[in-house]
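# Descriptive structure summary
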Amino acid sequence: MKDNFFDKTFEELSGILSDFDPKPFRLDQVLRWVYVKGADDFSRMTNMPKELRGQLSDVLDLTPLRLLEEVESPDGTLKSLFQMTDGELIESVIIPEDGHKTLCASTQAGCGMGCSFCETATIGLKRNLSRGEILAQIVCAVRRLGNRLALRNLVFMGMGEPLLNMDALIGALEVIIDARGFDFSPRRITVSTCGWVPGIDRLGRENLGVNLAISLNAGDDETRNRIMPVNRKYPLKRLMKSIRGYPLHPRQRITFEYVLIDGVNDRIEDARRIVKLLRGIPAKVNVIAYNRTSAAWSRPDDRVMNRFQEILMSAGLLATVRKSRGGEIGAACGQLGARAAGGMNA
Ligand code: SAH
């Protein structure tokens, strides 16, 4: 079986190339074809010798994800269901926002964190993605859009808990940021976590400059324990300490996501707790209406949402109500639940 091209570090690729062809510029040539031009076949790399192209395509796979299904919602959100070489399924979502696009990528097949409001949790954790499988989702989005520059932002908010797949995540981020890879500015990349404290600490130590988002969803341990089991292991005090240690550049902020669920975490006192909790942290709060899942919950009405936002803002916090995208096709936050071919929207 061929190896996933995207699992190889640039050094490893360089070694493979020099086995076939000693010319030192071959690596840069291949990387340009793959990361800038989105080539999905070595035969297209017409400025390289035919023999080399044949040798490379015998050992390296440029299409490690098989697109099983693609759905587009009326708002232009595009959800793709991919099958990996062992049959496991993942989803990623391209979200259009005024003039540019954001890719929401997955880091695990399924998820083991068990948040009670999230569809992915109902699958359980199947397995971690490899760095190459993380990267391949971006490759597929670039090929689909026809141009790397059409993609502006990259968020790790798809299936899975990114910080429980650290090595693959860091390996992928290095290629995403590298000028010879996808050449993304770290400020255009956001890693979102349910609050896995050792992961936040490690990501901080790696000091890549990427944005950190925390799925907060409650301002007290009792409520948070109830909807996010991770909180029993790392309660709010511990979590906030770790967040305060995350290195930020001037003007960079930590994003806090807050999914409003009717009757669960949408009271005035919940908003006041958030104000207290985030005091002194350069923060931005994204208030999100709960999107329908198989759980028996609902979103509060707009009046409650706006009141929540106003309490945060009048205390001086930056708070936005995030417009939900892709809800019609089950592509919105918390709705990624790939199970089987044809199972999207199920
Ligand atoms: N494990 C990571 C990334 C995946 S979840 C994390 O927890 O951040 C991505 C975002 O979707 C989180 O902010 C989560 O709170 C939100 N989310 C999950 N279920 C949702 C739902 N039903 N409605 C709205 N947002 C949801």
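Nothing here was measured: the structure is a model prediction, and the numbers come from that model. (Residues numbered from 1 in each chain as written. Predicted model: local features only at pLDDT ≥ 70, side-chain atom pairs only at ≥ 80, totals over all residues. Heavy atoms only, no water.)

Moving on: the site of the ligand. Near the ligand there are 20 residues, and of these F117, G160, S192, S215 and N291 occur at the shortest range. Contact between the ligand and S215: an oxygen atom at 2.6 Å from a side-chain N or O atom of the residue. In this structure, N217 approaches the ligand through a side-chain N or O atom, which is 3.4 Å from an oxygen atom. Considered on its own, the ligand offers 540 Å² of accessible surface; in the complex 96% of this is hidden by protein. The set of elements that each furnish at least two residues to the shell around the ligand consists of β10 (189-193) and β12 (254-260). (Near = heavy atom within 4 Å. Polar contact = N/O pair within 3.5 Å; in protein donor to acceptor, adjacent residues only side chain to side chain. Areas by Shrake-Rupley, 256 points an atom, 1.4 Å probe, with all protein chains shown as cover. Helix = DSSP H or I, 4+ residues; strand = E, 2+ residues; numbered from the N terminus.)

Attention shifts here to the pairing of strand β6 (residues 100-104). Of all five residues in β6, four are buried; the element is thus mostly enclosed. Where strand β5 (residues 89-97) lies against β6, five bridges are found, and the strand directions are antiparallel. Residue P96 lies in a different strand from β6, and its bridge partner there is K101. Joining the antiparallel neighbours β5 and β6 is a turn of two residues, in which G99 adopts a positive phi near 80 degrees. For β6 and strand β9 (residues 151-156), the ladder comprises four bridges, and the chain directions are parallel. Opposite T102, over in β9, you have N153 as the bridge partner. (Buried < 20%, exposed > 50% of the residue type's maximum accessible area, 1.4 Å probe, protein only. Pairing = 2+ DSSP bridges.)

Turning to the domain arrangement of the protein chain, a few remarks are in order. Examined at the domain level, the protein chain breaks down into domain 1 (3-61) and domain 2 (66-345). Between domain 1 and domain 2, the C-alpha centre-to-centre distance is 33 Å. Contact residues are listed per partner, giving 14 residues for domain 1 and 14 residues for domain 2. Buried surface at the junction of domain 1 and domain 2, both sides included, amounts to about 1200 Å², of which 58% is carbon and sulfur. Considering only the side of domain 1, the residues that lose the most area to domain 2 are F6, F10 and Y35, jointly responsible for 49% of the buried surface there. Remark: the boundary between domain 1 and domain 2 carries zero salt bridges. A per-element tally of the side of domain 1 that touches domain 2 places helix α2 (residues 26-36) first, with five residues. Taken together, the residues of the side of domain 1 that touches domain 2 break down into seven nonpolar, three polar and four charged. (Domains from an automatic or database assignment. Contact = heavy atoms within 4.5 Å. Buried area = accessible area lost by both parts, 1.4 Å probe. Salt bridge = Lys/Arg side-chain N within 4 Å of Asp/Glu carboxyl O. Nonpolar A, V, L, I, M, F, W, Y, C, P; charged D, E, K, R; others polar.)

Glancing now at the sheet that holds β6. Ordered in space as β3-β4-β5-β6-β9-β10-β11-β12-β13-β14, the ten strands form an open sheet in which the pairing is mixed. A single partner strand is all that each edge strand has here, and the edge strands are β3 (66-72) and β14 (318-322). Put simply, the sheet's adjacent strands are angled 20 degrees from each other on average, direction ignored. (Axes fitted to C-alpha atoms, helices over the stretch in contact; angles between N-to-C directions.)

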